[in-house]
Each structure stands twice: as structure tokens, then as C-alpha cells.
Amino acid sequence: MTTTMPTAPLPTATKTSPPGHPVGRKRRPGWIYILILALTAFFIGPFIWLILAALKTPGEWTAVPTQILPSEPQWNNFVAAVTEMDFAAYTANSMFLATIYSVLITLSSAFAGFGFARLKAPGKKVMFIILMSTMMLPAILTQLPTYVMFSQIGLLNTYWPWVLWGLAASPYMVFLFRQFFTTLPKELEDAAIIDGAGWGRIFFSIFLPLSRPVLLTSFLLSFTGAWSDYIGPAMFLDLDRTTLAVAITAYYQDPAGNIIPTVQAAAAVLYIVPVLVIFFVFQRYFIRSSVSSGVKG
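A. Summary view of the overall build of the chain. In terms of helices and strands, the chain carries 14 helices and 0 strands. The linear arrangement of helices and strands in the chain, starting from the amino end, is α-α-α-α-α-α-α-α-α-α-α-α-α-α. For the chain, the proportion of its 297 residues judged to be buried stands at 34%. Residue pairs in contact within the chain that sit at least 24 positions apart in sequence constitute 72% of those at least 6 positions apart. Of the roughly 18,800 Å² that the chain leaves accessible, carbon and sulfur atoms contribute 69%.

B. Structural context of the pattern of salt bridges. Taken as a whole and judged by the stated rule, the model has 2 salt bridges. Across the pair Glu189 and Arg118 runs a salt bridge whose closest N-O atoms are separated by 2.7 Å. Of this pair, Glu189 sits in helix α9 (residues 187–194) while Arg118 is found in helix α4 (residues 87–118), placing the two residues 71 residues apart along the sequence. The class of Glu189 is buried, set by a relative accessible area of 4%. A salt bridge links Lys186 to Asp190, with the nearest nitrogen and oxygen atoms 3.1 Å apart.

C. Local environment of the packing of aromatic side chains. Tallying each qualifying case throughout the model produces 26 aromatic pairs. On the basis of an interplanar angle of 75 degrees and a centroid distance of 6.5 Å, the ring pair of Phe181 and Phe203 is categorised as edge-to-face. One end of the pair, Phe181, is in helix α8 (residues 171–181); the other, Phe203, is in helix α10 (residues 199–210), and 22 residues separate them in sequence. Residue Phe203 is classed as buried on the basis of its relative accessible area of 3%. Its guanidinium or amino end placed over the ring of Trp49, Lys56 lies 5.0 Å from that ring's centre, counting from NZ or CZ.

D. Quick look at the nonpolar core. Residues Met85, Leu244, Ile248 and Tyr252 are the most contacted members of the largest nonpolar core, which totals 34 residues. Mapped onto this core, the elements with two or more residues apiece are α1 (30–54), α3 (76–83), α4, α11 (212–227), α13 (244–250) and α14 (261–293). Aside from chain neighbours lying at most four places away, what touches Tyr252 is Ala80, Ala81, Glu84, Met85, Phe87, Asn258, Ile259, Ile260, Val263, Gln264 and Ala267. One finds Ala117, Met173, Phe207 and Leu215 within the second-largest nonpolar core, a separate group that totals 17 residues.

E. Summary view of the confidence of the model for the chain. When the pLDDT values of the chain are averaged, the result is 84; 87% of them are 70 or greater. pLDDT under 50 marks residues 293–297. Its contacts with residues more than four places away, or in other chains, come to 9 contacts.

F. Up close: the environment of Ser94. With respect to the helices, strands and loops of the structure, Ser94 is situated in helix α4. Among the residues examined, Ser94 registers a relative accessible area of 2% and is labelled buried. Sequence-wise, Ser94 and Ser228 are 134 residues apart; in three dimensions their C-alpha atoms are separated by 8.9 Å. Beyond its immediate sequence surroundings of up to four residues, Ser94 is in contact with Trp227, Thr243, Leu244 and Ala245.

G. Up close: unusual backbone geometry. Even without a glycine there, the phi angle at Ala169 is positive, about 70 degrees. Tracing the backbone shows Ala169 in the loop between α7 (160–167) and α8. One non-glycine residue with positive phi stands out, namely Tyr252, at about 60 degrees. With respect to the helices and strands, Tyr252 occurs in the loop between α13 and α14. For Tyr252, a relative accessible area of 2% puts it in the buried group.

Reading the values: rules and limits
Residues numbered from 1 in each chain as written. Predicted model: local features only at pLDDT ≥ 70, side-chain atom pairs only at ≥ 80, totals over all residues. Heavy atoms only, no water. Helix = DSSP H or I, 4+ residues; strand = E, 2+ residues; numbered from the N terminus. Buried < 20%, exposed > 50% of the residue type's maximum accessible area, 1.4 Å probe, protein only. Contact = heavy atoms within 4.5 Å. Areas by Shrake-Rupley, 256 points an atom, 1.4 Å probe, with all protein chains shown as cover. Salt bridge = Lys/Arg side-chain N within 4 Å of Asp/Glu carboxyl O. Phe/Tyr/Trp six-rings, centres within 6.5 Å; stacked < 30°, edge-to-face > 60°. Lys NZ or Arg CZ within 6 Å of the ring centre and 35° of its normal. Core = buried A, V, L, I, M, F, W, Y, C linked by side-chain atoms within 4.5 Å. pLDDT = per-residue confidence, 0-100.

What follows is the structure, encoded as C-alpha cells:
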């Protein structure tokens, strides 16, 4: 009787990952990078075109066929944009309105989001659904009724409309805060209640400090929205108290009353720069807030 000894399996060739390459991770196809570059060019293209327009002469602006690059950069367009109107005063008006509105709407939205997330009340879900449904209403529908209401109570040509809008909270910001606050453990408020803290102290001492990413995101989104608003200041404020967005369209004219497009383009570039700086500095908070506010419904 013959017996056969078990044989070890033959070694098989295995693929080795190159140094520094994670094992098992697939490489992204090249078309994804091409798509990203195409989208980047699509979104940044108008801003590049605006910068080039700000460096042209009026003749190059109206040239046919279109002259893409200026023959000689006209940096004096930026000097004219700052000196031909009180650029600093209108910038201060925009900064004041955007800051006041953003601070108030962030705090009021945090209050409302905290209530919807942590407090118990009859009809809370129905109220939240009604609040979210207002997001589907175009803002332009409420402009005329709001104008009539503010004119009847004497708030035209004042900054009080922005204060009242800020105190009214924003449905989208309320949603962000509500989603974030629901992810925090209930033991936080239970321990505070045992220590004798009320809901106000719980909100300001525990929940508000923990919501820094959402707070900053809400402030920045509200700030950029108020900074870029044209219809509101044009309707409610006169030219002396209006914002930079409206002033740019009202000034920069030649002796014949025609708009000087190159100087206006230079002013538009200066108008956009603060928002771009704010976004690039704090963009990581947008991602962090989006992740934290979407964990739990």
C-alpha cells in the first residue's frame, strides 16, 4: 500500500503595489481630472474675463472682433474706480449691513434650530415642515409686500429692515443647526439639568460652543448673501445710504452720461475680492459643517 504525502500549494505570483500606493485602492480614471479641470475653467472663466476687461481701454472693450488680452494693462482703471466715487463709504455701508444681518440671522437661526432639535412641544414637526416649505417660495415674491409694509411703518431709507430680517431667522440655517444639534448626545443636557442649568445656559454654554463649524458657515453664507444683494438696497435705501453693489451701477460715467465699462469692471473686481478671500480662508468649515449637519435626520 502506497501513501502519498500532502504537497504544499505552489507559490503564486502576487502583485505588489508600488511604494507609497495604498493597497486595494483603485486609481481614479483620467477623465475625472479632465472633468474637474473643465468645470474649474467654466466657473473661474467669467472672473478671469472680468479682470481682463478691467485692464483694457474703452476702445479695446468695444473692439470687433473681441480683443481678449489688453495691449497694455490699464491699472489706472482701478485708481479711477476708487477715486471717482466715495468707494470707502459705500464699502463701509455694505460691511455694516452684511455684518449686522449675518450676526443676527445666525443667532436667531441657532435659537430656532436648538428648539426644533432638543425641546419637546406639541406640533413641533408640523411647524418644522411649514418652516421648510417656505424655502420653496422665491424671494422676489415677498419684495413688493415687504416694501409696502416697511413704507407704512416708516422704515424706508433706514437699516432697520436688515435688523428685522436677521431676527426672523433663515429656514435653511435653521435646518443646518437643527441637523447638527440632533447629533449631539442627550447626556450633555441631562448632566447640565442635574447641575441645575436652565435651557438658556445649556444653549449658550454647551450647544453653541460645540456648533462652531455651523456658526461660521451660517455667518459666511449670510454675509456673502447680504454683501451681494442688489435688489434690497436698491429698493429700501437712497443713493447716499446704499451699498457698494448699487453704487457701482450708478457711478462711473463719462461727461456725456455714458457708462465707462472698464472702470466699472475694475470696481466689480474690487467688490468681489473680499468675498473670495473670506471663502478661501474658511472653506474647510463649509465641508465640516456639511458633514456634521447631514449625519442624522
